[in-house]
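Observations on the model geometry
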Amino acid sequence: MPYVDAGPGLLVPALILMAAALALTAVGVDAALARRDSETLFWVGLTGLLTLLLAVAWAAAESTWAAPWVGLAAVAGSAGASLWVVRRQRRRQLARHRKEVSGRIHELERRHDAVLLSWSSYELDEWKAEEKPGLKDPARPETKSLMRAMKAAAALRPLEGAAAALEQAELDRYAAAVAGLEQAWAGAAAAGGDNRAA
């Protein structure tokens, strides 16, 4: 008995299954990427692919005249779903990177401010300054090094709201300047109690 195309009978349910497979797979893959769950990512992707292939085969078997269009729709739908997932993942990675950079900057600023606070307590409190009189002597090499380190760290400190646009090299330079400031402060504080002439 020759094959007779039965028309769109079960074509619509097959297309609905294909669309659902694409949409649910895209959402599942996106959720797995967000959780960094590689096992779920594999199984969701495999299940979605098999369901999509089943829906395409079903639709093509139901209507031979629609087979090329069903295949084209599957390819276009897969490309669209993939593009959506990739864009979402890029946004997540960018947000994660910004959060990491912001956290690192916050920590560096905290360390920077801690040195400035320690230094200012000797500058502003005359009684405390008597403990380390050398800190107020600009002729001492340790004090000179501290002043230079303060200027360097202040010059490299990111402006308010500029953290998101900060390049990695700039962040590394600021980190090095803060480390240098901490080292200079430790040297100046250790030498500051020495009343001998520099």
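Look up a bit, the structure's there.
Residues numbered from 1 in each chain as written. Predicted model: local features only at pLDDT ≥ 70, side-chain atom pairs only at ≥ 80, totals over all residues. Heavy atoms only, no water.

Our focus in this paragraph is the overall build of the protein. Within the protein one finds six helices and zero strands. The order of helices and strands in the protein, counted from the N terminus, is α-α-α-α-α-α. Relative to its 198 residues, the protein shows a buried fraction of 29%. Counted over contacts in the protein with a minimum sequence separation of 6, partners at least 24 positions apart contribute 77%. Summed over all atoms, the accessible surface of the protein reaches about 12600 Å², with 65% contributed by carbon and sulfur. (Helix = DSSP H or I, 4+ residues; strand = E, 2+ residues; numbered from the N terminus. Buried < 20%, exposed > 50% of the residue type's maximum accessible area, 1.4 Å probe, protein only. Contact = heavy atoms within 4.5 Å. Areas by Shrake-Rupley, 256 points an atom, 1.4 Å probe, with all protein chains shown as cover.)

The topology assignment puts Ser120 in helix H3 (residues 67–124). Reaching out from Ser120, the side chain makes a polar contact with the backbone oxygen of Leu117 at a distance of 3.0 Å. (Polar contact = N/O pair within 3.5 Å; in protein donor to acceptor, adjacent residues only side chain to side chain.)

With that out of the way, let us pick up the pattern of salt bridges. Evaluation of the coordinates by the stated rule reveals seven salt bridges. Close ionic contact of Arg157 with Glu109 constitutes a salt bridge, the shortest N to O distance being 3.8 Å. Of the two residues, Arg157 is situated in the loop between helix H5 (141–156) and helix H6 (168–191) and Glu109 in helix H3; the sequence distance between them amounts to 48 residues. You can call Arg157 partly exposed: its relative accessible area is 25%. What emerges from the salt-bridge pattern is a single network uniting Asp30, Arg88 and Arg92. (Salt bridge = Lys/Arg side-chain N within 4 Å of Asp/Glu carboxyl O.)

Moving on, we come to H5. Residues three or four positions apart in an α-helix share a direction because the helix packs 3.6 residues into each turn. Along its 16 residues, H5 runs 23 Å from first to last C-alpha, staying within 8% of the 22 Å computed at 1.5 Å per residue. Along H5, the residues classified as buried are Thr143, Leu146, Ala149, Met150 and Ala153. Along the axis of H5, the buried residues cluster in a sector spanning 120°; they form a single face. Across H5 from its buried face, at more than 90 degrees, point the exposed residues Arg148, Lys151 and Ala155. (Expected span 1.5 Å × (residues − 1). Arc of directions from axis to C-beta.)

Here we come to H6. Compared with the 34 Å implied by 1.5 Å per residue over 24 residues, the 35 Å span of H6 between its first and last C-alpha is a close match. By the burial criterion, the buried members of H6 are Leu171, Tyr174, Ala175, Ala177, Val178, Leu181, Ala184, Trp185, Ala188, Ala189 and Ala191.

In this section: the packing of H5 against H6. Interaxial distance between H5 and H6 falls to 8 Å at its minimum, and their mutual angle equals 155°. In this view, H5 runs roughly antiparallel relative to H6, as classed from their interaxial angle. As for how H5 packs across H6, the hand of that crossing is left-handed. For the pair H5 and H6, contact is made by Glu142, Ser145, Leu146, Ala149, Met150, Ala152, Ala153 and Leu156 and by Arg173, Tyr174, Ala177, Gly180, Leu181, Ala184, Trp185, Gly187, Ala188 and Ala191, respectively. Its residues assigned to classes, the contact of H5 with H6 comprises 13 nonpolar, three polar and two charged. (Axes fitted to C-alpha atoms, helices over the stretch in contact; angles between N-to-C directions. Parallel < 35°, antiparallel > 145°, perpendicular 65-115°, else oblique. Left-handed = near helix turned anticlockwise from the far one by under 90°. Nonpolar A, V, L, I, M, F, W, Y, C, P; charged D, E, K, R; others polar.)

A few words now on the nonpolar core. Counting residues in each nonpolar core, the largest one holds 13 residues, and the members touching the most others are Leu135, Leu146, Leu181 and Trp185. Counting only elements with at least two residues in this core, the list comes to H3, H5 and H6. For this core, the element with the highest residue contribution is H6, accounting for six residues. Leave out the neighbours within four places in its chain, and Trp185 touches Val115, Ser118, Trp119, Tyr122, Leu135 and Leu146. Membership of the second largest hydrophobic core comes to 11 residues, among which are Leu11, Leu52, Ala59 and Ala66. (Core = buried A, V, L, I, M, F, W, Y, C linked by side-chain atoms within 4.5 Å.)

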